[in-house]
Every structure is written in C-alpha cells, then in structure tokens.
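Examining the three-dimensional arrangement
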Amino acid sequence: MVIEVEGIYFYWVAWIVWVLSTFFMKKTKVRTLVSFVVLGAIICSSQTLQLGEFSFRFTFLLLFIFSFFVMAKKSSLTIYYYSICTLIITVGYVGFHLFELFDPVWLIFNRKWMLAFAIVYLTLMLIKDKQDRIVITIIGVSNGELLYSFILSTFSFRYEIGSFQFLDSLAIMMLLIVIWNILERIAVYFEATFYKGIKERQG
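Fair warning: this is a prediction, and the values are worked out from it, not measured in the lab.

Concerning the sheet that holds strand β3 (residues 160-161)
With respect to topology, three strands assemble into an open sheet ordered β1-β2-β3, the strand pairing being mixed. For this open sheet the edge positions go to β1 (48-51) and β3, each flanked by a neighbour on one side alone. Two elements, β1 and strand β2 (residues 54-57), share four bridges in a ladder whose sense is antiparallel. Counterpart to leucine 51 in the pairing with β2 is phenylalanine 54.

Digging into a nonpolar patch on the surface
Together, Leu175, Val178, Ile179, Trp180, Ile182, Leu183, Ile186, Tyr189 and Phe190 make up a nonpolar patch on the protein surface, roughly 860 Å² of accessible area in all. Relative to the helices and strands, tyrosine 189 resides in helix α7 (residues 164-202). Taking relative accessible area as the criterion, tyrosine 189 reaches 54% and is therefore assigned exposed.

Side note on the side chain of serine 35
With respect to the helices, strands and loops of the structure, serine 35 is situated in helix α2 (residues 29-44). On the basis of relative accessible area, serine 35 is assigned to the buried category, the value being 12%. Here the side chain of serine 35 touches threonine 22 through a polar contact of 3.3 Å, side chain to side chain. Excluding residues that lie within four positions of it along the chain, serine 35 makes contacts with Trp18, Ser21 and Thr22.

Calculation criteria
- Residues numbered from 1 in each chain as written.
- Predicted model: local features only at pLDDT ≥ 70, side-chain atom pairs only at ≥ 80, totals over all residues.
- Heavy atoms only, no water.
- Pairing = 2+ DSSP bridges.
- Helix = DSSP H or I, 4+ residues; strand = E, 2+ residues; numbered from the N terminus.
- Patch = residues over 30% accessible without salt bridge, like charges linked within 9 Å, V, L, I, M, F, W, Y side chains within 5 Å.
- Areas by Shrake-Rupley, 256 points an atom, 1.4 Å probe, with all protein chains shown as cover.
- Salt bridge = Lys/Arg side-chain N within 4 Å of Asp/Glu carboxyl O.
- Buried < 20%, exposed > 50% of the residue type's maximum accessible area, 1.4 Å probe, protein only.
- Polar contact = N/O pair within 3.5 Å; in protein donor to acceptor, adjacent residues only side chain to side chain.
- Contact = heavy atoms within 4.5 Å.

Printed below as a string of structure tokens:
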C-alpha cells in the first residue's frame, strides 16, 4: 500500500517552477514576480490564518491575491468574460466536492487527479489564451474552495481553506495545463512546418 504524503505534489511542482523561473527565464519583471510569488507560496505553505470560524492557509491567500492582481490588468470586456469562466469553474469545483461528500463511491481513481482532470478540461474548453489559463484556474478553484467551506460551515463542519489537499490538486492542475500548452505549441510548429513543405513543393 502506497502512502501519499499531503503536499508532495505542491512542493515538487512549486520547486520545479521556481528553479525554471529563477535560472532559465529571461531577466524581466515577470521572471522576478513569478519567482517571488512561487518562493513565497512555498515559505507560507505551513502557516495559517484564523478569521472567525474560518482557517486560511497563507499560500492560498497569496496565490488568490496574485491572480486577481494579474486579472486586474486585463480589459473590461476580457474581465467580464473571464468572470463567467471562473464562475463555471467554481461551480464545477464545488459540484465535484459535494458529489464526493454525499456519494464517494463514484471516485474510482485518485480524487486529486480526477478533480484536476475535470477542472483542466473546463479551463481548456473556456480559455484559449495559454497564460491566462493558469490565472483563471487559480481564481476559479479558489472561489470554489471558499464557497465549499461556507457550505460546510452551515453544517458546523470544520474545514481548512487552502489545505495541502487543495494545494496538491492545484499543483496537478497547473502541471496538466503546462503540458497541454506545450503540446499545443508542438502541434502548431509541426503544422506550420508541414504546410511550409507543401508550399515549397508547389512553388
């Protein structure tokens, strides 16, 4: 029997992203900001904040605020569309957790991976911009985490917002989105190369 350590996916993905952004990205403000946020997320991952009956993990708050900061720079029309997208992702996230809570039998695979595949599928269907996919996913699932914790609080259930279980699922989502983005770039490259070869033969 394999024992899964909570937070292992988050730490692996976070450290990989930090190394790539720090040592391989071009020296720009984006690189500095990404490195700072990821390192801050790692450092804050063991710290929690108690606000009334709700307990927040600092990493959750950091990623949530950072995502809204990035989104605020978009145009009004884009923000309106992305708000609808985040709402759909939020509903999907909460729906998954409620199904898991009331009927856990249908979870035939690892719940983190099932949740990640479901949310990433929604994101890819809704968002075409490769960079915005990550930001919208963070906002959507964070809203879902807040809504789900509120629902549980009405039944007097204690729930830590942004727990390692949440961070693991989020890390898997980010990993899947990045992999898909890379596959899209590869597909575009081979398609362009293919059509270029055809035109050269015809010319």
